[in-house]
Every structure is written in C-alpha cells, then in structure tokens.
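Spelled out from the first residue to the last, the chains are:
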Amino acid sequence: MTHIDLYTFKIDPASRVERFLLNCLDSAERERASSFKIAKLARLAIIARGVLRHILAPRAGVSPAEVEFSYNEYGKPFLRKGRDGAEPASFNLSHSEDFLAIAVGEGARIGVDIECPREIDGLDALSGRFLTAAEREMLSGLPERRRSDSFLRLWTWKEAAIKASGVGLSLDPARVEVGAESVALDLPEALASRGFADRLYVSDIPAAGLFHGAVASDCPGARIRLLADCQDPGAFLGLEGSGPSG
Ligand SMILES: CC(C)(COP(=O)(O)OP(=O)(O)OC[C@H]1O[C@@H](n2cnc3c(N)ncnc32)[C@H](O)[C@@H]1OP(=O)(O)O)[C@@H](O)C(=O)NCCC(=O)NCCS
C-alpha cells in the first residue's frame, strides 16, 4: 500500500443530510442509531455510517445500501469479501463532536482517531492510568498550558494504533508506547499468537487546530491523501437541499 485516502467532515448542526443517508443503512445500523437517547448522537451515527457507505460503495462495486460489513470480536468493522473473492478495501472511522474522519486503504490494517481539543480534568490521574513511564515524563516536562493538547495528541496516536490492530480497548493503552513515527503494542501472548499487529506507523491528520487526529497502518511510509478536508457531508455527496430548508 502506498497511500491511505483520508476524508474529514464537519457536520453542520442545521443540515438534514441524515434524512437522505438513513435510506442506505441496514436494519442493525438503524436500530443502533435509534437506541441513542441523545438525538445528536443518533444523527451522528446515521451520518457516519451513511457517508462511510457512500465512500466504500464505488470501491466495492455496489450501491451504498449493498455494502456489507463484518466485525471481529472486538467490534472492528471490515468490508465483506465480494463475490469475486478479491481482498476488499480496509477502512476505519472516528467521530468527535461535529467532526468525522474516514480512512480507506488497500492491503493494510488501518485505524483512525480524532479528538476535539479541550482542557482535560484530572490529567495526572489519566496519565497515570493510560500513559507509559516515558510518555508521562515527556508530558510532565511541558508547560502546564500545553499538557492537555499533548495528552490528546498522544491519545489519538495510541487509539489509532489500537484501532488499526483491531484489538480495541481489550488492550490496556498503558501497554501501547508512542514513538517518533510508530507505535509499539505490547500484546499479551493470546493476541500476539493470533496475528494482531504489534507495530503501527502513524501520521498526524492535518486539521488546522480544529481537532487532534492520527491515522495508523501496518504499512511503513504510506502517504496520506486528503480527499475531503472538513467538508460538509451534504456538499461532499453532491446533495442539493441537505441544508436547513432541505
Ligand atoms: C472503538 C474503540 C477503540 C474506541 O472508539 P471511540 O473513541 O469511542 O470512538 P471513535 O469515534 O474513535 O471510533 C468509533 C468507530 O470505530 C470503529 N470501531 C468499533 N470497534 C472498533 C475496534 N475494535 N477497532 C477498530 N475500530 C473499531 C467503528 O466504526 C466505530 O464507529 P461506528 O460504530 O459509528 O461505526 C472502543 O470503543 C473499543 O475498544 N471498543 C471495543 C470494545 C471491546 O473490546 N468489546 C469487546 C467486548 S469484550
């Protein structure tokens, strides 16, 4: 794999794009969206899966509603193999507040994570729980005002790597060590022996300070192609009237 395609979106709270996207979701995705008690989360779940289906459909040679997912035991979604038996594209998605990121590639394991900037309460306790000794030392050497941002950047690298490997948060993030360009996962034997990746190569997502974000893959040197840059999902899909009056 030489590149990873990355799409980032900013969801306009007034847009009605979810009305259109709901049509291509399967029954499990609809049920999951309607299980959210907070309307904003339900809407985000519809938009995330709907946009994902529209991005994957041309690669899979099917319509958005025909895209089929399978899941590993930790909940990581994959594209099901098509009838021709060819290896399907790999992908991952992440959302934070009004932002959505989707990464797609061929022939590699991919993970993406985004986090909106915020002051972190209880940073020392969180660092003690989730960071390695070297990461804690790096963080404590920074001026106080930079620590929340640095923690979130470290976190996105760890989570993108965990999501690329597919083990989910069954792996303690304190066993995940962030390096200059890659992240090492100290996998328990039970996971290592089953072929989960233990080294992932990570890049920051360019986002002009709107969010922290990282893309990870098991392919060193993969270049990121930014194909949508904080675009409105309705505009990306070429929809007229997905705005407030649509
Ligand atoms: C996915 C996970 C790593 C973190 O996600 P998060 O920060 O809350 O949310 P993000 O927005 O970054 O990512 C969520 C997306 O990642 C994907 N995802 C879900 N599980 C995943 C996994 N194990 N690995 C990679 N990606 C995963 C999904 O596409 C999900 O979005 P969707 O449900 O709308 O499709 C976390 O929820 C997790 O580890 N879940 C697994 C729990 C588990 O191990 N369950 C097994 C039961 S023992």
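Residues numbered from 1 in each chain as written. Predicted model: local features only at pLDDT ≥ 70, side-chain atom pairs only at ≥ 80, totals over all residues. Heavy atoms only, no water.

(A) View of the packing of aromatic side chains. Enumeration over the complete set of coordinates arrives at 7 aromatic pairs. Ring geometry for Tyr-7 versus Phe-236: centroids 5.7 Å apart, planes at 80°, classification edge-to-face. Of this pair, Tyr-7 sits in strand S1 (residues 3–10) while Phe-236 sits in helix H8 (residues 233–236), and the two are 229 residues apart along the sequence. Among the aromatic residues, ring-to-ring pairing joins Tyr-7, Phe-9 and Phe-236 into one connected group. When the ring centre of Phe-69 is taken as origin, the NZ or CZ atom of Arg-49, which lies over that ring, is 5.0 Å away. (Phe/Tyr/Trp six-rings, centres within 6.5 Å; stacked < 30°, edge-to-face > 60°. Helix = DSSP H or I, 4+ residues; strand = E, 2+ residues; numbered from the N terminus. Lys NZ or Arg CZ within 6 Å of the ring centre and 35° of its normal.)

(B) Examining helix H3 (residues 39–60) more closely. Here H3 spans 31 Å end to end across 22 residues, near enough to the 32 Å set by a 1.5 Å rise per residue. One or two positions beyond H3, positive phi appears at Gly-61, with a value near 70°. (Expected span 1.5 Å × (residues − 1).)

(C) Quick peek at the sheet that holds strand S8 (residues 182–185). Taken in spatial order, the 5 strands of this open sheet run S6-S10-S9-S8-S7, and their pairing is antiparallel. Strands with a single pairing partner mark the edges of an open sheet, and in this sheet they are strand S6 (110–115) and strand S7 (176–178). Across the sheet, the mean angle from the axis of one strand to that of its neighbour is 25°, orientation sign disregarded. Alignment of S6 against strand S10 (residues 212–217), held across 6 bridges, turns out to be antiparallel. Counterpart to Ile-114 in the pairing with S10 is Gly-213. Packed onto the sheet, helix H6 (residues 144–165) meets S6, S7, S8, strand S9 (199–204) and S10 and runs at close to 155° relative to S6. (Pairing = 2+ DSSP bridges. Axes fitted to C-alpha atoms, helices over the stretch in contact; angles between N-to-C directions. Contact = heavy atoms within 4.5 Å.)

(D) Main features of the site of the ligand. Around the ligand lies a shell of 17 residues, among which Arg-49, Tyr-74, Glu-159, Lys-163 and Leu-169 are the nearest. Within the backbone of Tyr-74, a nitrogen or oxygen atom sits 2.8 Å from a nitrogen atom of the ligand. About the coverage of the ligand: the protein hides 68% of its 890 Å² of free accessible area. Broken down by secondary-structure element, the contributors of at least two residues to the shell around the ligand are strand S4 (90–96) and H6. With 4 residues, S4 is the largest single contributor of residues to the shell around the ligand. Classifying every residue of the shell around the ligand gives 4 nonpolar, 6 polar and 7 charged. (Near = heavy atom within 4 Å. Polar contact = N/O pair within 3.5 Å; in protein donor to acceptor, adjacent residues only side chain to side chain. Areas by Shrake-Rupley, 256 points an atom, 1.4 Å probe, with all protein chains shown as cover. Nonpolar A, V, L, I, M, F, W, Y, C, P; charged D, E, K, R; others polar.)

(E) Inspection of the environment of Asp-121 at higher detail. In this structure, Asp-121 sits in the loop between S6 and helix H4 (123–130). According to the relative accessible area criterion, Asp-121 is exposed, its value standing at 71%. (Buried < 20%, exposed > 50% of the residue type's maximum accessible area, 1.4 Å probe, protein only.)

(F) Up close: the sheet that holds S1. Spatially, 4 strands are ordered S4-S5-S1-S11 in an open sheet, and the strand pairing comes out mixed. A single partner strand is all that each edge strand has here, and the edge strands are S4 and strand S11 (223–231). Averaged over all neighbouring strand pairs, the angle between strand axes comes to 15°, with direction disregarded. Relative to S11, S1 is paired through 6 bridges, and the arrangement is parallel. Across the sheet, residue Leu-6 finds its bridge partner in S11, namely Leu-226.

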